[in-house]
Amino acid sequence: MADGKADAVGRISCSDGETFYLNELETVETANWAAVNTDLITVEKRYFRLTFYRDGRMLKKYPVAIGKPSTPTPVGEWKVINKGVNCGNGFGVRWLGLNCPWGIYGIHGTDQPGSIGMMSSHGCIRMHNRNVVELYNLVRIGTPVRIIGDLPPANLRRVLKMQAAGPDVLRLQFALRRKGFDVGPADARYGPALKKAVCKLQMYYGLTPTGIVTLNELNLLNLIE
Amino acid sequence: MAFLGALCGISFYFTYHYAQPFQKLKIKGRELRIKPNAAVDPSRRYRITLWDYDWPLAGDNYRKYLQAQIAGFNQSYPNITVNLRLLDLLTGPAELAAALRRGAPPDVYCSALNTPGFDFKYQVPVGPYLTPPVRKECCFPGIARLTELDGVQCYFPRWARPELWVGNRRLLERAGLEITGIRARGWNWNDILKLRPQITDENYLAVGKVIPEGILQKVWSQAQMTDTVGAEWGLLQKIRDAKGVPSDGGPQMIDYFCSGRAALLAGVKPVIWRYLRERLARTGAAWEAVILPAPAWSKAKTAPPVELGVISVYRRPRLGGDEQVAAAVKLGEYLSRCGGDRAPWVELMVIPAARVAAAEWARQSGIGESILKILEPGLVGGNWCLPLPEQERLGRISAALQQYLSGKRSQAETVRYLRTTAAGE
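The sections below set out a description of the structure shown in this document. (Residues numbered from 1 in each chain as written. Chains lettered and ligands numbered in written order. Predicted model: local features only at pLDDT ≥ 70, side-chain atom pairs only at ≥ 80, totals over all residues. Heavy atoms only, no water.)

## Observations regarding the interface of chain A and chain B
Okay, step 1: With 22 residues of chain A at the interface, the matching set in chain B holds 25 residues.
Okay, step 2: Buried surface at the junction of chain A and chain B, summed over both partners, amounts to about 2,100 Å²; 60% is from carbon and sulfur atoms.
Okay, step 3: Among the residues of chain A in contact with chain B, Met203, Tyr204 and Glu225 of chain A are the three that bury the most area, contributing 29% of the side total.
Okay, step 4: The interface formed by chain A and chain B contains 1 salt bridge.
Okay, step 5: A salt bridge links Asp88 of chain B to Lys200 of chain A; its shortest N-O distance comes to 2.5 Å.
Okay, step 6: Our count for the contact surface shared by chain A and chain B stands at 14 residue pairs in polar contact (both at pLDDT 80 or more). (Contact = heavy atoms within 4.5 Å. Buried area = accessible area lost by both parts, 1.4 Å probe. Salt bridge = Lys/Arg side-chain N within 4 Å of Asp/Glu carboxyl O. Polar contact = N/O pair within 3.5 Å; in protein donor to acceptor, adjacent residues only side chain to side chain.)

## Brief notes about the packing of helix α2 (residues 167–178) of chain A against helix α3 (residues 192–204) of chain A
Residues and elements named next belong to chain A.
Okay, step 1: Contact geometry for α2 and α3: axes closest at 11 Å, N-to-C directions at 55°. It follows that α2 is oblique to α3 by the angle criterion. Helix-helix and strand crossings are classified by hand; for α2 and α3 the assignment is left-handed. Residues Val169, Leu172, Gln173 and Leu176 of α2 lie in contact with α3, whose contacting residues are Leu194, Ala197, Val198 and Leu201.
Okay, step 2: Residue composition of the contact of α2 with α3, by class: 7 nonpolar, 1 polar and no charged. (Axes fitted to C-alpha atoms, helices over the stretch in contact; angles between N-to-C directions. Helix = DSSP H or I, 4+ residues; strand = E, 2+ residues; numbered from the N terminus. Parallel < 35°, antiparallel > 145°, perpendicular 65-115°, else oblique. Left-handed = near helix turned anticlockwise from the far one by under 90°. Nonpolar A, V, L, I, M, F, W, Y, C, P; charged D, E, K, R; others polar.)

## Considering the packing of aromatic side chains
Okay, step 1: Going through the model one piece at a time under the given rule, you end up with 18 aromatic pairs over all chains.
Okay, step 2: Measuring from ring centre to ring centre gives 6.5 Å for Tyr62 of chain B and Trp345 of chain B, while their planes differ by 80°; the resulting arrangement is edge-to-face. On the criterion of sequence distance, the pair formed by Tyr62 of chain B in helix α2 (residues 61–76) and Trp345 of chain B in helix α14 (residues 343–348) is long-range, its members being 283 residues apart. The burial state of Tyr62 of chain B is the same as that of Trp345 of chain B; both residues are buried.
Okay, step 3: Arranged with centres 6.1 Å apart and planes meeting at 80°, the rings of Trp165 of chain B and Trp189 of chain B form a pair that is edge-to-face. Of this pair, Trp165 of chain B sits in strand β10 (residues 164–168) while Trp189 of chain B sits in helix α8 (residues 189–193), placing them 24 residues apart in sequence.
Okay, step 4: Within the aromatic cluster, the residues linked to one another by ring pairs are Trp55, Tyr62, Tyr65, Trp159 and Trp345 of chain B.
Okay, step 5: The ring of Tyr136 of chain A carries Lys83 of chain A above its face, with NZ or CZ at 4.4 Å from the centroid. (Phe/Tyr/Trp six-rings, centres within 6.5 Å; stacked < 30°, edge-to-face > 60°. Buried < 20%, exposed > 50% of the residue type's maximum accessible area, 1.4 Å probe, protein only. Lys NZ or Arg CZ within 6 Å of the ring centre and 35° of its normal.)

## A closer look at the pattern of salt bridges
Residues and elements named next belong to chain B.
Okay, step 1: Tallying each qualifying case throughout the model produces 22 salt bridges over all chains.
Okay, step 2: Between Lys209 and Glu163 there is a salt bridge; the shortest N-O distance is 2.6 Å. With Lys209 in the loop between β11 (204–208) and α9 (213–225) and Glu163 in the loop between β9 (156–162) and β10, this residue pair connects regions lying 46 residues apart in the sequence.
Okay, step 3: What makes Lys209 partly exposed here is its relative accessible area of 37%.
Okay, step 4: By relative accessible area, which is 11% here, Glu163 ends up buried.
Okay, step 5: The partner of Glu333 in a salt bridge is Arg337, and the shortest N-O contact between them spans 2.6 Å.
Okay, step 6: For Glu333, a relative accessible area of 10% puts it in the buried group.
Okay, step 7: Given the relative accessible area of 29%, Arg337 is considered partly exposed.
Okay, step 8: What emerges from the salt-bridge pattern is a single network uniting Arg161, Glu163, Lys209, Lys269 and Glu307.

Everything listed is a geometric property; what it means functionally is a separate question.
Right, dumping it as structure tokens:
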């Protein structure tokens, strides 16, 4: 169940092993990225900090726990694709699911408040329950979530093209952006925005603008040497 | 009577001159009328729309460069307001085409790396507006010729991006090929074949756009008509026998060259040469990547394709008239000189059309004026770059021939393939 998709009864089990019942969800087509609202969530892994912005102004700041080194929280530019509650005995009371393509990750509460401020999860972002309830009530489906930190290691495929997804696509997106090409959100998915950026890179270097990344483009972006 | 006769003559002269101000031009069999002696009236205000492209330079530098250019232009023409619009690199040509169809082109259009077809309805050929000294200053002679149709300069040239070959200096000199001599006198594929004994079986002579476009076209045309092969296959056979080219030399050409597995990198742009130079310096390579002219294919000299950035001037219907066109020409001429900060041209590694700017670019880019001289014949004899679908078609034909050159297909199989498949994929 990658990509944060729920099962038939609207239930989701995240990478931390907790289960939530979804009461709001959206079919994800991240290739059609449209700004839903002016809200933004940033998670700075280095500082174990989640910040919520509205209309460009910081509204709330919360401490969080992030993934262990062996199960890191995925760096990238995601969005909230579902929201849910846990109707159990009060642990992990709220869920905000993210559209990371290689696992089920989200922002949720915890019954281990001592883990906040540490690298303790299996990749999800944990918050104190009172904080996640507050955030849950502020955040809408489609809100961008930027997780800031070191990019995950990636085995770069020799050819990257439309429909590809994964950490190597994420590296490609950041490398293009560093060179001044607009890739849209760096969401680890090879969609139309990334294809256009690749075509422009190819034009810049005098290559045929196929929109397909080969070893030539990976070399020119200094992704391999 | 004599006085009356003189008066009639003078009256006739003024009537003729000012009632018949148009100059007639014939381009591609079609007649155009322009008024090159229209002048910008300093007491009038003009509004010029300028379209250019949003080049991905760091820090929005291209927009800043253009704004600085416009500010410099306004120092001479404070009565001309320039409205700038930056187009997307991919969709810009289609936007211009749509604007021309609607009858709403910009006054001045700066292309990216291709030359838009001449629009007989709205476009104004700029040559007649220029005086010879201005033409000499703003037009790099070799590039300027590429902007002419039937001897009439139709566009302002702005920059050019020729193709070049890059060589591994160490391998070339080991084979007895002298770089200075190649640059001065040119070379051909027989010279390249001399490299073969100097490199191991795992290495190759060349990767990239090894076969010139003209030869690709010829080979494909012959394959459509007959199963027999033409004269070009003689040299192709020699390259095949010398194991000259790998089968996957297209998508991996940079890898092959940087690792020293190919002695030559064929048909790349100056910006890739700069990348190679920086990478070899960064990795501490013991050899140097040197710029070379394209080799001749057997006895014929081949002119590499040149991408050209040009400036077009259009007459906007119901707006401004001949003075508006004159104002637009002034702006186009100013922009074509590539004045001010040279940084965009250095970063893009495109050769400015103006002589003075090109010399300065050669110094700042690290290419050097001597290399600029090598590139000049290519600029004089080069062809306008082909449209994208044609480039892609030739790419497929080139890939098919490289399969032959690497030994993966026989000659007969390749000809059959070219006949039935390559063009239609």
